[in-house]
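Chain by chain, the residues:
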Amino acid sequence: MKLRLSKTISCDLLILGAGGAGLRCAAEVLEKRPGTKVVAITKVAHPQKSHTSTAQGGLAAVDPKDPVDKPVYHMFDTWKGSDCMADQNVVRKIVEAGWDEILWLENRGMHFSRDMDGRLAKRTFGGHTINFGEASAYRAVFEADRTGKGIMDTLWGEVLRGGISFIHQSMATELLFSGERCAGAMVFCQKSGEFVAIKAKAVVLAMGGCGQVFKVTTNCRQNTGDHLSLAVQAGLPVMDPEAVQFHPTGIVGPGILASETLRSVGGILRNRDLEAFMEKYAPKMRELAPRDLVARAIETEIREGKGVFNQDHSIEHVWIDLRHLPEHVHRTQIPEVASFFKKFVNVDSRKELCPIRPSNHYHMGGVPTNSDGEVLRDPQKTVPGLFAVGECACASFHGFNRLGTNSLLELITMGRFAGQKALEYLEGELPELCGDIGENTFQTFAAYLQTKGQAKVGDVREKLRALMTEKVGVFRVEGGLREAVTQIAELKAQAMEIALVTRDLAMNQELVERWELDNLLTSAMLIATGALHRKDSRGGHFREDYPQRSPDLDSHSLLYMEEFGKVKIEKKPVDMSLFNEGGPHAEKFGMIERKY
Ligand SMILES: Cc1cc2nc3c(=O)[nH]c(=O)nc-3n(C[C@H](O)[C@H](O)[C@H](O)COP(=O)(O)OP(=O)(O)OC[C@H]3O[C@@H](n4cnc5c(N)ncnc54)[C@H](O)[C@@H]3O)c2cc1C
């Protein structure tokens, strides 16, 4: 079977992914350089269906007029929350840019919630403190509990005004190069079944996360880790893939997110005996300790027999108690999440206890970049013309544990920085693509369509997701991780035996899922291998056999995987510029203890 290119199109800037990060980057370029031809690709039917639209709680930024909060406190919280694995140059740059971004969004019409005096309302979130851990900080601005929707509405309006073109329901399948420079991508258009090559002066990866690798996840259907596959296929590394976040409060069963806002407004975690157990694990911050700590506390309660078993959900859980919150809080601050409890588990959060359990939520690891969003080929060298922003990237603002509300902050600031840097590429000529354009994509898809065998996409996918949740979840241990790596390789072999029922190119959901399965397998292999290799505990990566942090592992890992399962690992130092530069608070940015 010979598959071929339908057409080649050209643009100035190609954005792969149209969520918050991609659109913020596009908006920056269109604002600074009107008339730029920007094309954005999205897997979904409309950019607004991107995952960012589901973000609930808010976005962190320090208001310069705040009488008690300061950027240095936010930097400290982010560093401490990261388990001393964030890059401090990135932390400083993002935190310092935060408030300007809030104003940027507000000036373009975002409807932030207001306090009684008409100022931007602010709420607390786990791990955000003032005065280096003294008390909770009111640092997150929000739009009720649908902040992501507000951001997406605003960004979408801006990029439309700037004349962006969208290609919907399409997937980037391969990065294209001109020598060392990234100069475009192959795109498979699901509706027409066509393969299109897009040439560009600069390319931005903004493809979101990889949560579908896990069975229980808060992530949307599209988050299949395509970006990790694209990177390793192009010979590029992936950084710290084992750094996976499990959110403490996934609604039991589907794992859908019940925002940290619930704990911010006063929700209390209770076990089977209705004991408020967080005091045992984080005496000072209790429910508002960072996510990794709260997730482990919940899992520990369940392991100790203090979970609740309800036949309807067939999985043990604990409760979040919201019954004591005033009516107006339910109505104005958590209406959406309350409706999720009603819809998915038929619970009225005003009167009943709500069942929750940790759920996979966020990928701190990803495609490595510098503080301008330029993708790294190795610890020293960038890939000309290629950027990565948002959850798919790893500039390492979050290190090994992201604080709530820091992701939306990261994606809009890094979107802006990458956009500014990408402008440097837009004045020159379009580079010529080299090699057989799209040949890897054609071979891959032709193989999917021709394979004869008994295996089914859905079966292999579900086995993989169950395996990852069981063996590479909140608690990890050598034996389980070894089994995971072996079994992922076996599942890859099974995937090679999948015969598709429908062999058409157009509107073939099974074909898309077959391609996504390979990306899930690649992502899983990188995560499990990274977790096996890192023999210590850091933030979301908790090794029961190595429960402490190891000073020998105070560095990032870059994983290269040109052949499935054959992983080469290099180290990259953690940037400690805030510590190394000295100054009045330098000691707060050393390898500090992590107690809450
Ligand atoms: C339920 C939920 C609530 C959250 N709430 C908060 C919060 O309150 N505050 C906070 O800071 N963070 C929050 N987060 C995290 C935050 O929302 C995400 O990290 C962030 O939205 C990711 O944005 P993004 O632009 O990187 O990716 P996304 O918004 O996921 O966009 C990715 C885009 O890439 C496209 N794409 C993917 N693969 C391909 C491909 N192969 N080809 C073409 N396009 C592709 C997708 O279709 C989509 O358009 C939340 C996360 C979840 C799951």
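Residues numbered from 1 in each chain as written. Predicted model: local features only at pLDDT ≥ 70, side-chain atom pairs only at ≥ 80, totals over all residues. Heavy atoms only, no water.

S.K.: I'd like a rundown of helix H12 (residues 439–450), residues and numbers included.
M.R.: In this model, H12 (12 residues) spans 16 Å end to end at C-alpha, consistent with the 16 Å of a helix rising 1.5 Å per residue. What H12 keeps buried is the set Thr 441, Phe 442, Phe 445, Ala 446, Tyr 448 and Leu 449. For H12, the arc enclosing every buried residue in end-on projection is 155°, short of the 170-degree limit, so these residues lie on one face. (Helix = DSSP H or I, 4+ residues; strand = E, 2+ residues; numbered from the N terminus. Expected span 1.5 Å × (residues − 1). Buried < 20%, exposed > 50% of the residue type's maximum accessible area, 1.4 Å probe, protein only. Arc of directions from axis to C-beta.)

S.K.: Any details on unusual backbone geometry? Residues and values, ideally.
M.R.: Trans is the prevailing form of peptide bonds, just as negative phi is the prevailing case for residues other than glycine. The backbone phi angle of Leu 274 is positive, close to 65°, even though this residue is not glycine. With respect to the element layout, Leu 274 can be found in the loop between strand E14 (268–270) and helix H7 (278–281). At Asn 346, a residue that is not glycine, the phi angle is positive and equals roughly 55°. Mapped onto the fold, Asn 346 is located in the loop between helix H10 (335–345) and strand E17 (354–363).

S.K.: Summarise the pattern of salt bridges; cite the residues concerned and give the values.
M.R.: A side chain with one charge may pair with a side chain of the opposite charge, provided their charged atoms come close. A complete count under the given rule lists 60 salt bridges for this structure. In this structure, Asp 117 engages Arg 119 in a salt bridge whose closest nitrogen and oxygen atoms are separated by 3.6 Å. In terms of burial, Asp 117 and Arg 119 fall into one category: exposed. Residues joined in a network through salt bridges with shared partners are Arg 24, Glu 28, Lys 32, Glu 101 and Arg 416. (Salt bridge = Lys/Arg side-chain N within 4 Å of Asp/Glu carboxyl O.)

S.K.: Can you break down the site of the ligand residue by residue, with the values?
M.R.: Around the ligand there are 39 residues in total, and Ser 50, His 51, Thr 52, Gly 57 and Glu 391 lie nearest to it. In the model, an oxygen atom of the ligand is placed 2.4 Å from a nitrogen or oxygen of the Thr 52 side chain. Asp 226 is positioned such that a nitrogen or oxygen atom in its side chain is 2.8 Å from a nitrogen atom of the ligand. Considered on its own, the ligand offers 1,000 Å² of accessible surface; in the complex 98% of this is hidden by protein. Secondary-structure elements contributing two or more residues to the shell around the ligand are helix H1 (20–32), strand E9 (170–178), E17 and helix H11 (406–426). The element contributing the most residues to the shell around the ligand is H11, with four residues. (Near = heavy atom within 4 Å. Polar contact = N/O pair within 3.5 Å; in protein donor to acceptor, adjacent residues only side chain to side chain. Areas by Shrake-Rupley, 256 points an atom, 1.4 Å probe, with all protein chains shown as cover.)

S.K.: Kindly report on the sheet that holds strand E12 (residues 238–239), identifying the contributing residues and their values.
M.R.: Strand order in the open sheet made by the three strands is E12-E22-E23, with antiparallel pairing throughout. Strands at the two margins of the open sheet, each flanked by one partner only, are E12 and strand E23 (566–573). Two strands pair when backbone bridges link them, and strand E22 (residues 555–563) and E23 are joined in this way by seven bridges, in the antiparallel orientation. For Leu 559, the partnering residue across the bridge sits in E23 and is Ile 569. Across the face of the sheet, helix H15 (residues 509–533) comes into contact with E12, E22 and E23 while running at roughly 135° to E22. (Pairing = 2+ DSSP bridges. Contact = heavy atoms within 4.5 Å. Axes fitted to C-alpha atoms, helices over the stretch in contact; angles between N-to-C directions.)

S.K.: Could you give me a rundown of the pairing of E9, with the residues and numbers involved?
M.R.: The element E9 is largely enclosed, with a buried count of eight among its nine residues. Bridge count between E9 and strand E10 (residues 181–189): eight bridges; the pairing is antiparallel. Residue pairing in the sheet places Met 171 in a bridge with Phe 188 of E10. In textbook terms, the turn of a hairpin is the stretch between consecutive antiparallel strands, and for E9 and E10 this stretch comprises two residues, one of which, Gly 179, has a positive phi near 65°.

S.K.: A description of the side chain of His 74 should follow, citing residues and the corresponding values.
M.R.: Take His 74: it is sitting in helix H2 (residues 71–81). Once you skip the residues sitting within four places of it in the chain, His 74 turns out to touch Ala 60, Ala 61, Val 62, Val 95, His 128, Arg 139, Asn 406 and Leu 409.

S.K.: Could you give an account of the sheet that holds strand E4 (residues 122–123), with specific residues and numbers?
M.R.: Spatially, E3-E7-E4 is the arrangement adopted by the three strands of the open sheet, whose pairing is antiparallel. With partners counted over all chains shown, the strands left at the sheet margins are strand E3 (59–60) and E4, one partner each. As paired strands, E3 and strand E7 (residues 140–141) are joined by two bridges and run antiparallel to one another. Opposite Ala 60, over in E7, you have Ala 140 as the bridge partner.

S.K.: Explain the nonpolar core residue by residue, including any values.
M.R.: Counting residues in each nonpolar core, the largest one holds 82 residues, and the members touching the most others are Leu 14, Leu 16 and Leu 205. For this core, the leading source of residues is H15, giving 13 residues. For Leu 205, the residues in contact, after removing those within four places along its chain, are Leu 16, Leu 175, Leu 230, Val 367, Leu 386, Phe 387, Ala 388, Val 389 and Cys 392. Of all hydrophobic cores here, the second largest spans 72 residues; its members include Phe 132, Ala 206, Tyr 362 and Met 414. (Core = buried A, V, L, I, M, F, W, Y, C linked by side-chain atoms within 4.5 Å.)

S.K.: Explain the pairing of strand E13 (residues 244–251) to me, using residue names and the numbers behind them.
M.R.: Most of E13 is tucked away: eight of the eight residues are buried. Where E13 and E17 come together, six bridges link them in antiparallel fashion. Paired with Gln 245 across the strands is Tyr 362, a residue of E17.

S.K.: Can you lay out the packing of helix H14 (residues 478–495) against H15 for me, pointing to particular residues and giving the numbers?
M.R.: Packing of H14 against H15 brings their axes to within 9 Å, and their N-to-C directions diverge by 160°. Relative to H15, the element H14 is oriented roughly antiparallel. Considering how the two elements wind past one another, H14 and H15 form a crossing that is left-handed. Of the residues in H15, those touching H14 at Glu 478, Leu 481, Arg 482, Ala 484, Val 485, Ile 488, Ala 489, Leu 491, Lys 492 and Ala 495 are Arg 514, Leu 517, Asp 518, Leu 521, Ala 524, Met 525, Ala 528, Thr 529, Ala 531 and Leu 532. Broken down by class, the residue content of the contact of H14 with H15 amounts to 14 nonpolar, one polar and five charged. (Parallel < 35°, antiparallel > 145°, perpendicular 65-115°, else oblique. Left-handed = near helix turned anticlockwise from the far one by under 90°. Nonpolar A, V, L, I, M, F, W, Y, C, P; charged D, E, K, R; others polar.)

The analysis is restricted to geometry; functional conclusions fall outside its scope.
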